[in-house]
Each structure stands twice: as C-alpha cells, then as structure tokens.
Amino acid sequence: MLKPDDADKAIINETCARRLGLDDPIGKKINIHQGVTIVGIVKDFHITAPTIPAVPTLFCNKGGLGGSDSDANYGDILIKYRAGTWEDLKKRVDDVYAKILTGNNEYHSLLNIEEEYSKFLKSETLLLKLLGFASLICVLIAAFGIFSFITLSCEQRRKEIAIRKVNGASVKEILAMFVKEYFILLVAASVIAFPIGYALMKKWLESYIEQTAISAWIYLAIFSGIGLLILLCIGWRVWQAARQNPAEKMLQHYFQIAIRHLLKYKTQNLISIVGLAVCLLCFSICMYCSRFFLSIDQCFENHDHIADIVLKSSNGEFFSGTPATVFEQLQDIPLNEVDILTHIANADPRPYNIEMKDGKEYPFTEMSTIEIDSCFRQVFTPKIIAGSWDVAVHTPNAIIMMESTARKVFGENGDPIGKRMVLTKKLMSSPDATPNSGGTVYTIQAIIKDIPQNNSLNFCNRIDLLVLNDSEGLFQSESRKFTTGCSTFALLHKGKSVQQLEDHLRELNLSSDAFPDNTICATALGKGAYSATFSPYFISVTTALGILILLIGLLNFFHFLTGSFLNRSREYSLRKVLGSSNHQLLSQLFI
C-alpha cells in the first residue's frame, strides 16, 4: 500500500512484471523520470473487453512520473460504495460538487464501473439469452420426443404389459422395466454428448483472458435434470397403461381399435406439428442471429471499400481508435489508396430539452449521439429523408436525427426540421466556459434512415443523433490529442484494397504523438473493434444450435411418422390388397 509521501515508490500489475522480465520485482528500480522503486505487485484486473489482455500498469503517487502540481486538477477518484446505495451516492456527490464548484466552470462525471464494464459484455449477454432460449427449446423438443417414443412403445407393448399383469407383475415392476431401458439410453447419450460439449466449451472459453472452470457438477445437474424429465414422461404414460385391466384392454384392442386409432393419430399429428413448428421457429431465430453478425456494416453502400484506421500495439493487437491529431496527420500525407477520410467520435448518451410543436421544451435523456465531420456522408452514404445535409454542414451545432427517433419524439406527422435541442449537462469534452447545466443550443437540420445496429460505429447499440460542427464535442476539445474515443475511416479509390493501404502505412511507420509505442494501421471495416473478435464465435454457436435443433425436430417428426406407419401396417396391407396405389398409401401418412 502506498503512502501519500511515497513519491519514489510504485506498484505494478502481473503483466507489467512479465513484460519487464522480472521474476522477483520487489525492490527493483524503474528508470522513469526521477525513478521509482517497486514495492508491490497486484493481480491483473480487466476494465476493457474480456477478450483483450490486461495491459502493463504502474501505480504511483503524484509526482512519481514527473507530473506537475497542475496535474492534480485532472484524474479520477475511485469510490467503493455499499450495495444498494448507488443512487444516494450520486446525489451526495452532486451536492458536494455543487457547493465546491459554485461559480466555477469545472466539470465532474460520476460513472458506475460495473455499468461501464457491462457494456463490454453486451454481446455475451445477448448470447446468454439466446443460449437460454435455445436450451429451453431443446428441452421441450426432447420432452416431445421422449413422450412420443414412450407412447409408441406402450402401444406396441400393450399385450406384453397385459400378460405381465396377468402373471402377477405389479405396476411398480412394470414402471421399473421401462425406466431401466430409458436410463440405459440416457447413459449412452451422455457418454457421447458430454465429452463433445466439454471440448466445445473449452475451445470457446480459450478466447477469453479470464476463464471459468467447467465443473463436474454441471454435467451431473444436466444428467439429473434429463433423468427427472424421463421419469415424468414415463410416469404418466406407463402408469396409465400398467393400471388398466388386462381383459378390458384386450376387449378394447379387438372391438374399439378404429376409434382409438382415430383419436390417437389426431393427437400424434398435433404433437408432431407443434414440435416441428417450435424447431423451425428456433432454427429461424438462430439463423437470423447468425445473419445479423454476418452482415455487419453491409448496411453501408461502400462497406467493401472502407478501411478502419486504428492504433495497434507492437505485437499487432488492436489498441484503440485514433485521436483527432492522427486524423489531421493523415490528411497531410499523400495516400494514393485513399479517396477521402472521415473522423467520427464514439457514441455518447446525452440529455436534451427538445422544442415541440407548441413551442415548449420537453426533456429527453440518454439519446445516443455521435459527433461526425462533413465527409461522413461521402463515406457512409446515409439516406436523407427530410431537410438538407448541405445546410447542416454549414450550420454550427447541427443535428441529423434518425427516422425512428424523429417518430418517437415528434410523432408520425411531426416536422422536426428547424426545432431546437438544448443540451442539459456539461460534457467531458465541453469548453471550460460551458456551465455544468449545459445550455448549448443545437438545431435539427436533417432526418436520415436508421442505421442498423449491426454496424461498427456503435456495435449492437442504437444511434439516435449525428452532430456536425459540435462546439461541445471531442474534435474541438483541448484533450483531443490524448483522447482515443474517436475513429478514422478511409474511403478507398476504386481498384485499391485495404491491404495495400495497410502496407503503405507500415512503410511510413507512423505513430501517434500521444501513444508512440503504437503504430497507425488499416483494417477492413468491422475488423478492428471488439465486434470482430466476438462475431465468429457467436456465428458458430448460433448456426450450430440452429442446425442441431432442426435435426432434432426432423428426427422427432420422422419418429412420429414411423410410429404411425407401424401402428397402421395392417390397414395399409388391406388397402394395398384392395387396390390402393403407392401414392394413395403415402398420402395416408399425412391424414
């Protein structure tokens, strides 16, 4: 633990120790500015996506890295709070800052680290919901299949059950006979399924830095759950068959076979159709999810000719987007592969008071806003529905609103063009002159078609607004040199490829002044962000699930048809003797 006066001491994380090649780093000195001595090591922790490794980190007091007293005006304060007190904490911190900063234009922002980190897990959360839904469907399909299989078995073994009853077998013994048979099948299925499931899960978990253990109790719970399902399915059907009077059953077999078969086939066909419909529904959902990820960025007309300019570490891993200075640096360099460059800030939820038809302003919170430049239209070709892009380009604080957002705010027949939107808080990128309560006025200048959520600009999240010439944005902020919350995209000339641009940038060996250890590289659109690392796994899982569920449904449907055919074999024989054709006999299966 560092004390306030330990200016020459530091704590590092495990990754930093490995990068420095120190087996026992305690007491070692690192030559940074005046030099610091390592006095402790902390375990790696993750504040980014779970697939991105922890970066080397050094912790020291103010002045340990040569900072000046003015640096104390910037930075973060970490607060540990008790569960359930987050809202109270926010209110108290806001009240404290309201007293301290009265008359000043300083800004503070209170973020919940758990909520911020959950944004990186949005795709995993979506996959978890999909897997939960698919698992439920699989269990239902399995229940349909087991019930139909037991029903068919009971029908085919009615005489055996009756003879066993006549010979003194109890209901318990008959139940035990069926349970034993199906539990042998369950054990055989588990021997096949569990190793395959373990291998697939192990392979999937390898993509994450922190991996959870695959415990044996999970498989025991699955085995027990399926075993209970089999018992429930067997119980009612076999109990009913075993408790019937043998003589009565024989009488029904000979004198009421027509009525019983008619009713039985209707139920069987109904179950068959419902089971197959559920399978097709789940298969369609899985295929839709796979298509959603396969078609990332295909909503953009030029998606095959757009390159994403990113910063990569020395080992070639994605580091971050590009600060504004990198964009300006690239504009001054003749790149033969590039037709035009555009700079885009990361999406930021902003609160506004929006002017309505009656002239009054109403509050709207958490509107996802992206700051763009005037070249955005040439690269991403949004479709203008109303208003003018050219007017927006030459208007300060111009808003381009999505079609669905315009309908939600102004209604189906509303006219949003020219309406005012007043920002109601100070942003982290706002100038010092902006008060904490905001007050900057924006004007809606155009409406465009919605950008689908499977895009690289704001992956798996909706976009409400685009902002041009933003006086509160990152592009004009004093911290823009060190802020990586932006992205640079290049529209390539016809005949030029992303690989050619990448090769050119590597020859130039460009780097950012703020991050000199990282080089400027080019990747295909959608390949430089977290979406690119997660999408292949999501696509593989959803496609495999969809095909598996469809196969299970088809097998169950085939099993129903086979059972129907076996039970009606005598009927088909008589129809054949009486002159029915093969086509007519086949059609009987669907009646």
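What counts as what
- Residues numbered from 1 in each chain as written.
- Predicted model: local features only at pLDDT ≥ 70, side-chain atom pairs only at ≥ 80, totals over all residues.
- Heavy atoms only, no water.
- Helix = DSSP H or I, 4+ residues; strand = E, 2+ residues; numbered from the N terminus.
- Buried < 20%, exposed > 50% of the residue type's maximum accessible area, 1.4 Å probe, protein only.
- Contact = heavy atoms within 4.5 Å.
- Core = buried A, V, L, I, M, F, W, Y, C linked by side-chain atoms within 4.5 Å.
- Expected span 1.5 Å × (residues − 1).
- Bend = angle between axes of the 7 residues up to and from the residue.
- Patch = residues over 30% accessible without salt bridge, like charges linked within 9 Å, V, L, I, M, F, W, Y side chains within 5 Å.
- Areas by Shrake-Rupley, 256 points an atom, 1.4 Å probe, with all protein chains shown as cover.
- Salt bridge = Lys/Arg side-chain N within 4 Å of Asp/Glu carboxyl O.
- Arc of directions from axis to C-beta.
- Pairing = 2+ DSSP bridges.
- pLDDT = per-residue confidence, 0-100.

A.B. asks: Explain the overall build of the chain here, please?
C.D. replies: A tally of regular secondary structure across the chain gives 17 helices and 16 strands. The proportion of buried residues among the 591 residues of the chain is 40%. Put simply, 76% of the contacts in the chain that link residues at least 6 apart link residues at least 24 apart.

A.B. asks: Sorry, what's going on with unusual backbone geometry here?
C.D. replies: When glycine is set aside, most residues are seen to have a negative phi, and most peptide bonds are trans. Phi at E366 is positive, roughly 55°, even though this residue is not glycine. Relative to the helices and strands, E366 resides in strand β9 (residues 361-371). Here N397, not a glycine, exhibits a phi torsion of approximately 50°, which is positive. Secondary-structure assignment places N397 in the loop between α12 (389-393) and β11 (398-402).

A.B. asks: Looking at this model, I keep getting lost on the nonpolar core. Mind explaining?
C.D. replies: In globular proteins that are soluble, nonpolar side chains generally tend to be buried together. I344, I372, F376, F380, I400, L457 and L466 are the most contacted members of the largest nonpolar core, which totals 25 residues. Those elements that provide at least two residues to this core are β7 (338-345), α11 (376-380), α12, β11, β13 (441-448), β14 (465-468) and β15 (486-492). The contacts of I344, once residues within four sequence positions are left out, are I370, E371, I372, F376, F380, L457, F475, C486, S487 and F489. Within the second largest apolar cluster, 18 residues are counted, among which are L335, L492, V498 and L501.

A.B. asks: Please explain helix α6 (residues 171-205) as it appears in this structure.
C.D. replies: Each turn of an α-helix holds 3.6 residues, which means side chains three or four residues apart point in the same direction. An ideal rise of 1.5 Å per residue puts 51 Å on 35 residues; α6 measures up with 48 Å between its terminal C-alpha atoms. Taking the largest bend as the criterion, α6 deviates by roughly 25°, centred on S190. Within the sequence span of α6, burial applies to V171, I174, L175, M177, F178, Y182, L186, S190, W204 and L205.

A.B. asks: Whenever I open this one, a nonpolar patch on the surface confuses me. Can you help?
C.D. replies: On the surface, V42, F45, I47 and F59 cluster together into a nonpolar patch covering about 340 Å² of accessible area. Tracing the backbone shows F59 in strand β4 (residues 58-60).

A.B. asks: Looking at this structure, how should I read the pattern of salt bridges?
C.D. replies: Any two side chains of opposite charge can pair, given that their charged atoms come close. This model, assessed by the stated rule, comprises 11 salt bridges. A salt bridge links E14 to K43; its shortest N-O distance comes to 3.8 Å. Residue E14 is found in helix α1 (residues 14-20), and its partner K43 is found in the loop between β3 (36-42) and β4; the two are separated by 29 residues along the sequence. Under the relative-accessibility criterion, K43 is labelled exposed at 64%. Here D44 ties to R18 by a salt bridge, and the two come within 3.4 Å at their closest N and O atoms. Here D44 is found in the loop between β3 and β4, whereas its partner R18 is found in helix α1, with 26 residues between them in sequence. Exposure remark for D44: the relative accessible area of 18% places this residue in the buried category. Overlapping salt bridges bring together E403, R407, E412 and K449 as one network.

A.B. asks: Looking at this structure, how should I read the environment of L474?
C.D. replies: Of note, L474 is situated in the loop between β14 and β15. Between the alpha carbons of L474 and N346 there is a distance of 9.4 Å; along the sequence they are 128 residues apart. Once residues within four sequence positions are removed from consideration, L474 is found in contact with A345, E371, S429, R480, T483, G485 and C486.

A.B. asks: Even after reading the chapter, I still don't get helix α5 (residues 158-166), so can you show me in this structure?
C.D. replies: Inspection of α5 places R158, I161 and A162 among the buried residues, and these make up the whole buried set. Seen along its axis, α5 keeps its buried residues to an arc of 100°; they face one direction. Just downstream of α5 lies G168, where phi reads positive at about 100°.

A.B. asks: What is the right way to look at the sheet that holds β4 in this model?
C.D. replies: The strands making up a sheet associate through hydrogen bonds between their backbones, and the pairing can be parallel or antiparallel. Spatially, β2-β3-β1-β4 is the arrangement adopted by the 4 strands of the open sheet, whose pairing is mixed. Strand pairing shows two members of the sheet lacking a second neighbour, β2 (29-30) and β4, which therefore form its edges. Relative to β3, strand β1 (residues 9-13) is paired through 5 bridges, and the arrangement is parallel. Each bridged residue has a counterpart across the sheet, and for K9 the counterpart in β3 is T37.

A.B. asks: Can you walk me through the confidence of the model for the chain in this structure?
C.D. replies: Predicted coordinates in areas of low pLDDT are best not read in detail. On average, the chain scores 79 in pLDDT, and the residues at 70 or more come to 84%. Note on residues 247-255: pLDDT is under 50 here. Beyond four places in sequence and across chains, it has 10 contacts.

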